[in-house]
Amino acid sequence: MTTISEFISENFFYVFLAVIALTLFQRKYGKRVTKKRMAVLYIAIIIFALQISASLIMEFEFTDAYLLIWAVAAGVIIYFKKGVIFPFKYKCVKCSATLTFNDMVFDDSNLCEKCREKEKALEDEESKESEE
Ligand SMILES: [Zn+2]
């Protein structure tokens, strides 16, 4: 049985390319999204490693069972490095409003637009005060 490995080795390269393309879009947002850019890179590495192992399983005619080992290893890594590999949140950390895709992927703060503007106004005020 190598159905899953076959599927992964044939298709995951495109998933990998799509994820890499995403980091290029993130670049546009510069310093606003450094943590999440690294996170997407880690995810890309995991996908790439998975694709390579699936190809090896096909090459050496192993079974899908070997993928399980890989899945467990990836699971352990993700579990212990969750904040680094998966810093994405679905909801605003301040007001729990559902975040848009852009807020989720292109901004490290995990804040909705309203909260981000409030935060920014506050920061501007503080910097004005310190100037005086
Ligand atoms: Zn909010």
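In this text the structure is predicted, and so the values were computed from the model without any measurement.

Engineer: Even after reading the chapter, I still don't get the nonpolar core, so can you show me in this structure?
Structural biologist: Burial of nonpolar side chains together is a common tendency in soluble globular proteins. I8, F16, I47, L50, A54 and I57 form the largest nonpolar core, which has 6 residues in total. At the level of secondary structure, the elements contributing two or more residues to this core comprise helix 1 (3-27) and helix 2 (35-59). The biggest single contributor to this core is helix 2, with 4 residues. Those residues within four positions of I57 in sequence are excluded, and the remaining contacts are T2, S5, F62, Y66 and L67.

Engineer: So what exactly am I meant to see when it comes to helix 6 (residues 113-131) here?
Structural biologist: Helical geometry note: an α-helix holds 3.6 residues per turn, so side chains three or four residues apart project in the same direction. With 19 residues, helix 6 should cover 27 Å at 1.5 Å per step; its first-to-last C-alpha distance of 27 Å lies within 8% of that length. Judged by how many residues are buried, helix 6 sits mostly at the surface: 0 of 19 residues are covered.

Engineer: What should I look at first to understand the domain arrangement of the chain in this one?
Structural biologist: As a measure of interface size, the accessible area lost when the parts come together is often cited. Assigned domains within the chain: domain 1 (1-87) and domain 2 (91-132). Each of domain 1 and domain 2 has a C-alpha centre, and these two points are 30 Å apart. Taken together, the contact between domain 1 and domain 2 spans 7 residues of the former and 4 residues of the latter. Each residue belonging to the side of domain 1 that touches domain 2 can be placed in one class, and the counts come to 2 nonpolar, 2 polar and 3 charged.

Engineer: What is the right way to read unusual backbone geometry from this model?
Structural biologist: Most peptide bonds adopt trans geometry, and most residues besides glycine take a negative phi value. In this structure, E61 is a non-glycine residue whose phi angle is positive, near 55°. Here E61 is to be found in the loop between helix 2 and helix 3 (65-80). Judged by the 7 C-beta atoms lying within 10 Å of it, E61 is exposed. Even without being a glycine, S96 presents a positive backbone phi close to 65°. Positionally, S96 belongs in the loop between helix 4 (82-85) and helix 5 (101-106). Judged by C-beta crowding, with 11 C-beta atoms within 10 Å, S96 ranks as exposed.

Engineer: Looking at this structure, I do not really get the packing of helix 1 against helix 2. What am I missing?
Structural biologist: The axes of two packed helices give the description: the angle between them and the distance between them. Packing of helix 1 against helix 2 leaves a shortest axis separation of 8 Å and a crossing angle of 160°. Considering the angle they form, helix 1 stands roughly antiparallel to helix 2. Relative to helix 2, helix 1 is oriented so that their crossing is left-handed. Of the residues in the contact of helix 1 with helix 2, the class split is 18 nonpolar, 6 polar and 3 charged.

Engineer: Could you clarify how one ought to interpret the environment of T2 in this entry?
Structural biologist: Inspection of the secondary structure assignment puts T2 in the segment before helix 1. With 52 residues separating them along the chain, T2 and A54 place their C-alpha atoms 8.8 Å apart. Not counting the four nearest positions on each side in its chain, T2 is found in contact with I57, M58, T63 and D64.

Engineer: Help me understand the environment of F88 in this model?
Structural biologist: Within the secondary structure, F88 is located in the loop between helix 4 and helix 5. Between the C-alpha atoms of F88 and K35, which are 53 residues apart in sequence, the distance is 9.9 Å. Contacts of F88, omitting those with residues within four sequence positions, involve K36 and M104.

Engineer: What should I look at first to understand the confidence of the model for the chain in this one?
Structural biologist: The share of residues in the chain with pLDDT of 70 or more is 99%, and the mean pLDDT across the chain is 92. The weakest mean pLDDT in the chain belongs to helix 6 at 89; the strongest belongs to helix 5 at 94.

Rules behind the numbers
- Residues numbered from 1 in each chain as written.
- Predicted model: local features only at pLDDT ≥ 70, side-chain atom pairs only at ≥ 80, totals over all residues.
- Core = buried A, V, L, I, M, F, W, Y, C linked by C-beta atoms within 7 Å.
- Buried ≥ 20, exposed ≤ 12 C-beta atoms within 10 Å, placed from the backbone.
- Helix = DSSP H or I, 4+ residues; strand = E, 2+ residues; numbered from the N terminus.
- Contact = placed C-beta atoms within 7 Å.
- Expected span 1.5 Å × (residues − 1).
- Domains from an automatic or database assignment.
- Nonpolar A, V, L, I, M, F, W, Y, C, P; charged D, E, K, R; others polar.
- Axes fitted to C-alpha atoms, helices over the stretch in contact; angles between N-to-C directions.
- Parallel < 35°, antiparallel > 145°, perpendicular 65-115°, else oblique.
- Left-handed = near helix turned anticlockwise from the far one by under 90°.
- pLDDT = per-residue confidence, 0-100.

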